[in-house]
Amino acid sequence: MKILLNNQTLIHKLRPFNDVGFVPTMGGIHEGHISLINRSKKVCKKTIVSIFINPKQFNNKKDFISYPANIKKDLSILKKIKGVNFVFIPKFKDIYDSYKPSKIKINRKSKILCAKYRKGHFEGVLDVMDRLTNLIKPSKIFMGKKDYQQLLLVKNFVEKKYKTKVIGCKTIRDKNKLALSSRNYLFNTNDLIIAGKVSKKIFALKKSINNQKNITKFLLNEKNKLQKMFNINIEYLELRDKKTLLISKKISKSKIFISYYLNDVRLIDNF
Ligand code: AMP
């Protein structure tokens, strides 16, 4: 496993290879990231993982400062799992001083879910993904369905501009059904139990949703109940079409999307 700390080394080391699988991360490596790496190892000749906490995608300074970072631990996990050929750990200037992509704008239709509540977030994500894709030139990028809206936006953007394919991979959960996330490192055991209970409730809710006459009203009611039951603050709880992300009135081809705050930590998931 080679550690690449700047663009020059990256470009030099990747030059001989034409089938590189890329797993972009912000560190805090967990089994969710590892599942993306395993998928890449299966289908690509070489695998590169990036660790870069991209300041431009944080709309909240406190969230950026408290984002869990532990490069040493991440590297030791990546080394142990074997088969990661390269880890790219760029500095801010490697990403932002090398290439000037066109200004990224998200259209009004897409200002839903996280785009509505995190102003500038996806612009920051698309910008960094443009720069990383341009540098690495991977044949495939592996991303999690856990961040479903991000996956659709990046796929649409990258596949239009590059030859690269973006592959969505399933969400990995802990034994309590909580989706793994680097932000879970900010929780104590009790928080983790509560977040697991929220997930279980939504899995149950998904089963009962088809019997409802008015799904929007039903979800609003459930949102209020969940907030009281678990002392959480829900931003959105919505049923949306898997492809278009438009509000849906039936469970088939749709997903329930949630974002909520538990003790000041923002979690997102979809079911
Ligand atoms: P992050 O480090 O949180 O920016 O995530 C890097 C990549 O890992 C993104 O494509 C995420 O969607 C993906 N990811 C994060 N959590 C999970 C999970 N629990 N299961 C599968 N993929 C995940």
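Below is a summary of the structure that appears in this document. Not measured: the values here are computed from a predicted model. (Residues numbered from 1 in each chain as written. Predicted model: local features only at pLDDT ≥ 70, side-chain atom pairs only at ≥ 80, totals over all residues. Heavy atoms only, no water.)

### Overview of unusual backbone geometry
Convention followed: Helix and strand definitions follow DSSP, with helices as H or I runs of at least four residues and strands as E runs of at least two, each counted in order from the N terminus. In this scheme, a residue with accessible area under 20% of its type's maximum is buried, one over 50% is exposed, and one in between is partly exposed, where area comes from a 1.4 Å probe on protein chains only.
One non-glycine residue, L113, lies in the positive phi region at around 45 degrees. Inspection of the secondary structure puts L113 in helix α6 (residues 113-117). You can call L113 buried: its relative accessible area is 2%. Within the chain, N231 stands out as a residue other than glycine whose phi angle is a positive 55 degrees. As for its position among the elements, N231 is in the loop between α10 (215-230) and β7 (233-241). Residue N231 is classed as exposed on the basis of its relative accessible area, which comes to 67%.

### Topic: empty space enclosed by the protein
Selection criterion: Using a 1 Å grid laid over the protein atoms alone, points where a 1.4 Å probe fits but cannot get out form a cavity; open sets with protein on both sides within 12 Å along at least 5 of 7 lines form a pocket; any residue with an atom within 4 Å of a point counts as lining. Grid points are joined across faces, edges and corners, and a volume is the space filled by probe spheres set on the points. When residues are sorted by character, Ala, Val, Leu, Ile, Met, Phe, Trp, Tyr, Cys and Pro go into the nonpolar class, Asp, Glu, Lys and Arg into the charged class, and all the rest, Gly among them, into the polar class. Domain start and end points were adopted from an automatic or database domain assignment.
In this structure the tally under the stated criterion is three cavities of 30 Å³ or more. In this structure, the largest cavity spans a volume of roughly 850 Å³. Sort the elements by how many residues they give to the lining of the largest cavity and helix α7 (residues 121-136) lands first, with six residues. Taken together, the residues that form the lining of the largest cavity break down as 24 nonpolar, 16 polar and eight charged. Three or more residues apiece are contributed to the lining of the largest cavity by two domains, here domain 1 (2-169) and domain 2 (182-270). Its boundaries defined by the atoms lining it, the second largest cavity holds a volume of some 80 Å³. L178, Y260, L267, I268 and D269 are the residues nearest the centre of the second largest cavity, which is lined by 14 residues in total. Contributing elements (two or more residues each) for the lining of the second largest cavity: α9 (189-208), β8 (254-262) and β9 (265-270). When its residues are assigned to classes, the lining of the second largest cavity shows nine nonpolar, three polar and two charged.

### Focus: the sheet that holds strand β4 (residues 86-88)
Applied cut-off: At least two bridges found by DSSP between two strands are what make those strands a pair. Interaxial angle, 0 to 180 degrees, is taken between N-to-C directions of lines fitted to C-alpha atoms, where a helix line uses only the stretch in contact. Contact definition: two residues touch when any of their heavy atoms are within 4.5 Å.
Strands sit in the order β1-β4-β3-β2-β5-β6 across an open sheet of six strands; the sheet is parallel. For this open sheet the edge positions go to β1 (2-4) and β6 (165-169), each flanked by a neighbour on one side alone. Direction aside, the axes of adjacent strands within the sheet are offset by 25 degrees on average. Both strand β3 (residues 46-51) and β4 contribute to a ladder of three bridges, which runs parallel. Residue pairing in the sheet places V49 in a bridge with V87 of β4. Along the sheet face, helix α4 (residues 71-81) touches β1, β3 and β4 and points at about 165 degrees away from the line of β3.

### A word on the site of the ligand
Heads up, the condition is: Whether a residue is near a molecule or strand is decided by its heavy atoms; if any one of them lies within 4 Å of it, the residue is near. For the purposes of these results, a polar contact is taken to be a pair of N or O atoms within 3.5 Å, where, inside protein, one atom must be able to donate a hydrogen and its partner to accept one; residues adjacent in sequence count only when each atom of the pair is a side-chain atom. Occupancy of a cavity or pocket is assigned to a molecule whenever over half of its atoms lie within 2 Å of that pocket's grid points.
Residues in contact with the ligand amount to 17 residues; listed here are only the nearest, H33, G144, D147, I172 and L180. I172 places a main-chain nitrogen or oxygen 2.9 Å from a nitrogen atom of the ligand. One can see that the ligand is located within the largest cavity. Sorting the residues of the shell around the ligand by element identifies β2 (20-25), α2 (31-43) and β5 (140-144) as the ones contributing at least two each. Among the elements that take part in the shell around the ligand, α2 stands out by supplying three residues, more than any other. Here the residues of the shell around the ligand are counted per class, giving seven nonpolar, seven polar and three charged.

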